[in-house]
Amino acid sequence: MKNIILLGPPGAGKGTQARSLSDKYGFVQLSTGDMLREAKKDKSKLGLKVSNIMAKGELVTDEIVIDLIKKKIINTTNNKGFIFDGFPRTLAQADALGNLLNKVNQVLDYVIEMYVDDDKLVQRITGRFSCSSCGELYHKITKIPKKTGICDVCGSIDKFKFRQDDNEDSLKTRLLAYYRDTSPLIGYYYALKKLKKVNGLGSINEIQDAIRNIII
Ligand SMILES: [Zn+2]
């Protein structure tokens, strides 16, 4: 049994890796985003609190996130371990997780930092566009159409569109939050001798091999 945290900036691919490692090795994936969506659906006191906060567009507090994680850890039995993605996000959450695992006689085995070059990350995320006729995906640096303005697949002319949520401003806001609140965890877990690093800019399979070499 192994308990693992995937740490890294938005867009580093933590969710993709967590899902696939869970499918292959039987880990239970705990993602803050999924848990908040789940809590909103149930009618518990905690669920209603989450619904209210999210409806107002406010940030969910450390306390609530920790309560949700606590419920999951206590109610999950017989698993191969937890894989946390998007949690802990702050030092307070990291401390709370350590205490929680302690209480159920478990330890945190590895914290895997998926490091990426910031410029490359911004480039990778903000450069995506697609053909609005056939849906083919392109990238302004790594996969440009063979003929400018013309879709390789369906031949449509000037039908390309950029994704709204991938714009540079929203990514910078999320990156700022990562560096301000979450990146101190790298030093924290290094000092606790839990930290391992993998290059987050490889292909999905390359990254997965690197993670597997550490944890299995
Ligand atoms: Zn097309």
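The structure we're discussing is the one just above.
These figures come from a predicted structure and were not determined experimentally.

With that out of the way, let us pick up the packing of aromatic side chains. Under the definition given, this model contains eight aromatic pairs. A centroid spacing of 5.6 Å and a plane angle of 20 degrees characterise the contact between Phe129 and Tyr138, whose relative ring orientation is stacked. Residues Phe129 and Phe162 carry aromatic rings whose centres are separated by 5.3 Å and whose planes lie at 35 degrees to one another, so their mutual orientation is tilted. Note that Phe129 is positioned in strand 5 (residues 128–131) and Phe162 in strand 7 (residues 160–162), a separation of 33 residues in sequence. Looking at Phe129, the relative accessible area reads 9%, which means it is buried. What links up through ring pairs into an aromatic cluster is the set Phe129, Tyr138, Phe160 and Phe162. The positively charged end of Lys143 is found above the aromatic ring belonging to Tyr138, 4.9 Å away from the centroid.

Turning our attention to the coordination of the zinc ion. At this site the zinc ion is bound by Cys131 (SG), Cys134 (SG), Cys151 (SG) and Cys154 (SG), with donor distances of 2.3 Å. Expressed as a motif, the donor residue spacing for the zinc ion is C-x2-C-x16-C-x2-C. Highlighted residues: Cys131 in strand 5 and Cys154 in the loop between strand 6 (137–139) and strand 7, separated in sequence by 23 residues. The exposure class of Cys131 is buried, given its relative accessible area of 2%.

Calculation criteria
Position numbers for residues count from 1 along each chain, tracking the sequence in the order it is written. Confidence filtering applies because this is a predicted model: local features only for residues at pLDDT of at least 70, side-chain atom pairs given and counted only at 80 or more, and all residues used for totals across whole chains, interfaces and linings. Heavy atoms from the whole structure form the basis of all side-chain values; hydrogens and water molecules are not counted. Put simply, two rings from Phe, Tyr or Trp (the six-membered ring, in Trp's case) pair if the centres are within 6.5 Å, and we call them stacked under 30 degrees between planes, edge-to-face over 60, tilted for the rest. Secondary structure elements follow DSSP: runs of H or I of four or more residues count as helices, runs of E of two or more count as strands, with numbering from the N terminus. Note on classification: 1.4 Å probe, protein chains only; a residue is buried when its accessible area is under 20% of the maximum for its type, exposed when over 50%, partly exposed between these limits. To sit over a ring, a charge needs its Lys NZ or Arg CZ within 6 Å of the ring centre and within 35 degrees of the ring normal. Only nitrogen, oxygen and sulfur atoms qualify as donors, and only when within 2.8 Å of the metal (3.2 Å in the case of Na, K and Ca); with water excluded, sites may look incomplete.

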